[in-house]
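A look at the structure
For reference, the chains in residue letters:
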Amino acid sequence: MRISSAQLHEASVRAMTTQQASLVKVAQQVAEGRRVLTPADDPIASSREVALDASLRSSEQMQKNQADVKGQLEQAENYLGQGSTLLSAFKSSIVKAGSGILSASDRASVVADMTSLRDQMMSLANTQDESGNFVFAGFKRDSQPFTRTTDGVVYGGDSGIRQSQIGPNRFVDANFSGAYVFDTAITGKAGVVATAGEANTGGLLLTGSTINDKTVWGNEKALGPFNVSFGADGAYTVTDGEGEPYAAGTLTAGAATLDVAGVRLSFSGAPKAGDTLSVSTSSSQSIFDTMDQAIAALSMPESSQESARRGNALFALSANIDGGLDRMLEARTSLGSRLNEVEAALSSDSARSDALTEEMARVTGADAATQVELATELAQRKFSVEAAQLTYTKISQLSIFNYL
């Protein structure tokens, strides 16, 4: 079979073109960092890549949600930590002022400190985040939640709890409302509120209240509040919430305790005829009302009578402050649990994203092993193109006249 010079030339050019096309394709793959450049390169791998990419985008969006709610929870925990610090300082001031050894000027200084702490707490309750939203306003984030009126501090937010999705069918509460944190702190101690009448004229000063008979208190507390009225010579009567007689007795000289419906009241000093005590179950009260009442109690004029009234008021209010501290501790504990859940989800989804990215790289040939193969193939293709070009050059110079 005879091969003409034209045929030889055409075959050589075709070989070089094929080699150059293969070289360009591998060079593109190396430049892009992946073997699959178009669906035509590997339809199955391309389809798999689309599915993996959708899963990866979903995982990344979930991680964004998780990071956002984590920041919100950490921010709220920080604010509640500040609130606990302020309330602890306020409680210390109550203890200091209630010691009975302060002069009027010293007490006025303590009142000024307590007023400052109350105002700081008010500012904290109206905190705004970096977007200008009020942190403790519930769903009404555009409006200041707490305002001071002639009747005291009023909450204008709601009890709305915002939820953020941190996983498939997994949601976490992203906030606490101001109503829960500041406006409904539990009063009293261990479910019992013990108070002395504001009109008392005697020297009886409450120092403690404990449930000494849980069975009796559990059965009888629904009949309360129980009111103790003192008569002459330590005689007293106890009536229930309906005003019906419940018990009666006489305090012995030097007595320091009185049992009412399973609750033991501890006190110092002695009552006068007409003085009263009250025992009831715990309810709720705004932290700001408690702080205002404590400041008002410490602002009473100095006298032996006012001293007992002040001491009794501070006894009850100190327990209410403890209720506020307990509420903040409860909220911070809940936030800690939520943060643990979010961090666990964030760690899990981060690992999932890494696995998806690695699988996508393997499927599309963007992994390290494939890149090494492509680099090796590129070198081989370059060598093949250069060899084809050199062969064509040599063949194109061949002539029969060289052999005559």
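Before going into details, it helps to say that this report is about the structure given with it.

Conventions and cut-offs
- Residues numbered from 1 in each chain as written.
- Predicted model: local features only at pLDDT ≥ 70, side-chain atom pairs only at ≥ 80, totals over all residues.
- Heavy atoms only, no water.
- Pairing = 2+ DSSP bridges.
- Helix = DSSP H or I, 4+ residues; strand = E, 2+ residues; numbered from the N terminus.
- Axes fitted to C-alpha atoms, helices over the stretch in contact; angles between N-to-C directions.
- 1 Å grid on protein atoms, 1.4 Å probe; cavity = no way out; pocket = protein on both sides within 12 Å on 5 of 7 lines; lining within 4 Å.
- Points joined across faces, edges and corners; volume = space filled by probe spheres on them.
- Nonpolar A, V, L, I, M, F, W, Y, C, P; charged D, E, K, R; others polar.
- Salt bridge = Lys/Arg side-chain N within 4 Å of Asp/Glu carboxyl O.

**Quick notes on the sheet that holds strand 13 (residues 276-281)**
Strand order in the open sheet made by the five strands is 6-13-8-9-10, with antiparallel pairing throughout. With one partner strand each, in any of the chains shown, strand 6 (192-196) and strand 10 (245-250) form the two edges of the open sheet. Geometrically, the sheet is characterised by an average inter-axis angle of 15 degrees between neighbouring strands, direction not taken into account. Examined bridge by bridge, strand 9 (residues 235-239) and strand 10 share five bridges and lie antiparallel to one another.

**Some remarks on the layout of surface pockets**
Computed from the structure, the largest pocket encloses a volume of approximately 610 Å³. In this structure, the largest pocket is lined by 29 residues; those nearest its centre are Thr195, Asn312, Ala313, Ala316 and Leu317. Within the residue set of the lining of the largest pocket, elements represented by two or more residues are strand 6, strand 7 (205-211), helix 6 (287-298) and helix 7 (304-364). Counting residues per element, the lining of the largest pocket draws most heavily on helix 7, at nine residues. Per-class residue counts for the lining of the largest pocket are 12 nonpolar, 13 polar and four charged. Counted as a void, the second largest pocket has a volume near 400 Å³.

**Thoughts on the environment of Thr364**
Within the fold, Thr364 resides in helix 7. Between the C-alpha atoms of Thr364 and Asp42, which are 322 residues apart in sequence, the distance is 8.6 Å.

**Focus on the pattern of salt bridges**
Enumeration over the complete set of coordinates arrives at 11 salt bridges. We note a salt bridge from Arg57 to Asp53, for which the minimum N-O separation is 2.9 Å. Here Asp53 and Arg57 lie together in helix 2 (residues 43-97), a separation of four residues that amounts to about one turn. One salt bridge connects Lys70 with Glu74, and the closest N-O pair in it is separated by 2.7 Å. With Lys70 and Glu74 both in helix 2 and four residues apart, the pair spans about one turn of that helix.

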